[in-house]
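# Reading the structure
Each chain is listed here by its residues.
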Amino acid sequence: MRDRDGTEDEPLFRPYAVTGGRSEPRYHMAMETLVSSVTLKSNDYSLLSPEQESIMMLCRSVRSVAEISALLRVPLGVARVLIADMADEGLVRLHMPQLNQGQPDLNLLERVLSGLRRL
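Residues numbered from 1 in each chain as written. Predicted model: local features only at pLDDT ≥ 70, side-chain atom pairs only at ≥ 80, totals over all residues. Heavy atoms only, no water.

Labelled according to an unreviewed UniProt entry, the protein appears under the name DUF742 domain-containing protein, originating from Microbispora rosea.

### Some details on the environment of R118
The topology assignment puts R118 in helix α5 (residues 106-118). Classification of R118 as exposed rests on a relative accessible area of 65%. Taking the C-alpha atoms as reference points, R118 and E67, 51 residues apart in sequence, are found 9.6 Å from one another. (Helix = DSSP H or I, 4+ residues; strand = E, 2+ residues; numbered from the N terminus. Buried < 20%, exposed > 50% of the residue type's maximum accessible area, 1.4 Å probe, protein only.)

### Focus on the pairing of strand β1 (residues 34-37)
Every second residue of β1 is oriented toward a common face, with L34 and S36 on one face and V35 and S37 on the other, all of them buried. For β1 and strand β2 (residues 63-64), the ladder comprises 2 bridges, and the chain directions are antiparallel. Opposite L34, over in β2, you have S64 as the bridge partner. Relative to strand β3 (residues 92-95), β1 runs antiparallel, the two sharing 4 bridges. Bridge pairing links S37 to V92 in β3. (Pairing = 2+ DSSP bridges.)

So this is what it looks like as C-alpha cells:
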C-alpha cells in the first residue's frame, strides 16, 4: 500500500500472523511450482481470508509460487505456507515440475523467466 507521498507502507500484519506462526509448508514446494485456482461452485469468496482470496484471483491464470510471493509482497516462505494450505483444502492445484533424469524442463524454466520479467 502506498502513502499519499508515494512511499510504501509497512504491512499492517506480521507474516507469522497470516501463517499461524508456521514458517514451513506441510510439504516441499519449489518456487517454480505452478499454481492454478480451482473454480468454486458457489463463487463465494466470503469464507476465504483476504490472502486466500488474493491468491485465488491471481491464479486464475497459472502463476509460479515466486510470482505469487512477489505480487502479494509477502516473503516466499509465507506464500508457500498459504499455497500449501490452500492446496490441502482443494482451493488451488499445484503443477509440480517433472524432472527427467535430473534435467529441468526448459519450457517450464522459460515460462518462469518470462513471468519474472513481467514483474
